[in-house]
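# Commentary on secondary and tertiary structure
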Amino acid sequence: MGEGYENPAIPEGINAPDEHPLKEFAWLSFGALIIVIALVWLIAGLGYLAGSLIPFETETRIMEAIESLDAPSAPLSLREQKLNDLAQKLIAADPLPQGMSVVLREIEAREPNAFATLGGRVYVTTGLLDMPLSENALAMALAHEIAHIRARHVISSLSRGLLMSLTMNALFGAQESSIASSMIGQAGVTTELTFSRSDEEEADRLALKTLYNCYGHIADATAFFEAVAAENGLAVEFLSTHPDLRKRVEAIGKRAKENGWPTQGEITPSPFR
Amino acid sequence: METAIFTYFAAFFPFISIAGFLIVGFLAGRRAEKSHYDSIVSREKRLAAILAFSEKTPPPFDTPPVSALVVGSVVISSDYFKNFTAGLRNLFGGRMRSYESLLDRARREAILRMKQEADELGARYICNVRIETSPITQGGGNQIVCVEAYAYGTALVKRRR
């Protein structure tokens, strides 16, 4: 019974791969990384360009619409008046393009900070105005934010961010919380941060020129950065939106030397002291 | 100096932890797979005397045999490394090599366990062998976390006179 039937050993390697699994892993990871980085560069570039084509009046209209949702803003305080006077002094020395304007307001916050948003709005924290800085140092900070507005960084990076997240969701959104897709997302974010840092470098460059035009020298330009660097510890440049503080200070020194701008000069005391 | 090291560690922690999981998953998974395959091959040799047919009709016996349903069932899980590679594979398409070996092991193991049951019953033939596999997913996501293979058939034991 059952003579003649045999049970040979089935050959291996047909239904299961003989290859080393790391080979597949390396190929896929490498391919995914290359594609993500290439995509990010392409989409980011397009988004950035598209943003700069949006007229400044549109920015202003957007901000007015948003601001009208809140209670109407109070008139400028005395400190805010002084801020705007200083800003106008810088703009007089280095005029903004046609149709652009800036308005500065103070924000209650202890961390020294300043940021520019759409429509030429610049917000400066109480912490920054309370720092023992000369007018020149404060002017550098303000000129930096004005430079962001001048170079249309805000609208461009908003447009870039929007296009990026749309694309990423369209392509990878179908993946439900896969570890691999989150790694890919992280690679995209890290690449995006390099763009943000280059915007900051350009703003530093334009701000230094404004400072020189206004005062005839760039004394105290780095005072703000040096004060902040002394307080905080190290930050990892790879993962932050701004270049390393010491690098910024060095870049400023180098640019001054290239253009022959004097680094010493008469320092105006701050109007806030 | 310590703060520098700590800052870099904190910043890169997500990458470090994922790399760590990948390494552990790869090494542990590879070891488990190798030892499982060794066990499978040696048991297939040992149980080669038991014949399994997918044919529905049993072969003719002198006297009607004793029949019994024999079942082999196994649940095998994939490791972090396999899941990660499969996730990347989802983007590009193609053979999911990382899961192919998982399923191959599971099917063969299920058949072996079925043959084991038959062997303990004293059977030499199993007919109408069927195999079913089903994934067991854990909640969120399309990730296959483990797979169950289920092999069953009718074992025929020669009746002693």
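A brief report on the enclosed structure follows. (Residues numbered from 1 in each chain as written. Chains lettered and ligands numbered in written order. Predicted model: local features only at pLDDT ≥ 70, side-chain atom pairs only at ≥ 80, totals over all residues. Heavy atoms only, no water.)

Counting 45 residues, the largest nonpolar core has L104(A), V124(A), L128(A) and I218(A) as the members making the most contacts within it. When residues in this core are grouped by element, the largest group, 9 residues, is from helix α5 (residues 135-150) of chain A. Among all residues touching V124(A), those that are not within four sequence positions of it are L83(A), L104(A), R105(A), E106(A), I107(A), N113(A), A114(A), L129(A) and L142(A). Counting 22 residues, the second largest nonpolar core, distinct from the first, contains I40(B), L102(B), A110(B) and M114(B). (Core = buried A, V, L, I, M, F, W, Y, C linked by side-chain atoms within 4.5 Å. Buried < 20%, exposed > 50% of the residue type's maximum accessible area, 1.4 Å probe, protein only. Helix = DSSP H or I, 4+ residues; strand = E, 2+ residues; numbered from the N terminus. Contact = heavy atoms within 4.5 Å.)

Attention shifts here to the pattern of salt bridges. Residues and elements named next belong to chain A. Considering all chains together, one arrives at 24 salt bridges over all chains under this definition. In this structure, R79 engages E106 in a salt bridge whose closest nitrogen and oxygen atoms are separated by 2.8 Å. Taken together, the residues R79 in helix α3 (residues 78-93) and E106 in strand β1 (residues 103-107) connect sequence positions 27 residues apart. The shortest N-O distance in the salt bridge between D94 and R150 comes to 3.7 Å. Of this pair, D94 sits in the loop between α3 and β1 while R150 sits in helix α5, and the two are 56 residues apart along the sequence. On the basis of relative accessibility, which here comes to 9%, the residue D94 falls in the buried class. (Salt bridge = Lys/Arg side-chain N within 4 Å of Asp/Glu carboxyl O.)

The next subject is the packing of aromatic side chains. Throughout the structure, instances matching the rule amount to 9 aromatic pairs over all chains. Between F61(B) and Y125(B), the ring centres sit 5.5 Å apart and the planes meet at 85°, which makes this aromatic pair edge-to-face. Remark: Y125(B) occurs in strand β3 (residues 125-136) and F61(B) occurs in the loop between β1 (51-52) and β2 (66-77); sequence separation between them is 64 residues. A single burial state applies to F61(B) and to Y125(B), both of which are buried. Connected via pairs of aromatic rings, a cluster forms that spans F25(A), F26(B), F81(B) and F84(B). (Phe/Tyr/Trp six-rings, centres within 6.5 Å; stacked < 30°, edge-to-face > 60°.)

Moving on, we get to α3(A). All names here are of chain A. With 16 residues, α3 should cover 22 Å at 1.5 Å per step; its first-to-last C-alpha distance of 23 Å lies within 8% of that length. All of the buried residues along α3 are E80, L83, N84, L86, A87, L90 and I91. The arc that holds the buried residues of α3, viewed along the axis, is 160°, so those residues lie on one side. For α3, the exposed residues lying more than 90 degrees away from the buried face are L78 and A92. (Expected span 1.5 Å × (residues − 1). Arc of directions from axis to C-beta.)

Residue and element names in this part refer to chain A. Spatially, 3 strands are ordered β1-β3-β2 in an open sheet, and the strand pairing comes out mixed. The open sheet has two edge strands, β1 and β2 (114-116), and neither has a second partner. Averaged over all adjacent pairs, the angle separating strand axes in this sheet is 20°, with direction ignored. Relative to strand β3 (residues 121-125), β2 runs antiparallel, the two being bridged by 3 bridges. Considered in β3, the bridge of A114 is made with V124. (Pairing = 2+ DSSP bridges. Axes fitted to C-alpha atoms, helices over the stretch in contact; angles between N-to-C directions.)

Residues and elements named next belong to chain B. Ordered in space as β1-β3-β4-β2, the 4 strands form an open sheet in which the pairing is mixed. A strand with exactly one partner marks an edge of an open sheet, and here the two such strands are β1 and β2. Bridge count for β3 against strand β4 (residues 146-157) is 10 bridges, and the pairing is antiparallel. The partner of S134 across the bridge, within β4, is E148. Contacting β1, β2, β3 and β4, helix α3 (residues 97-121) runs over the sheet at an angle of about 150° to β2.

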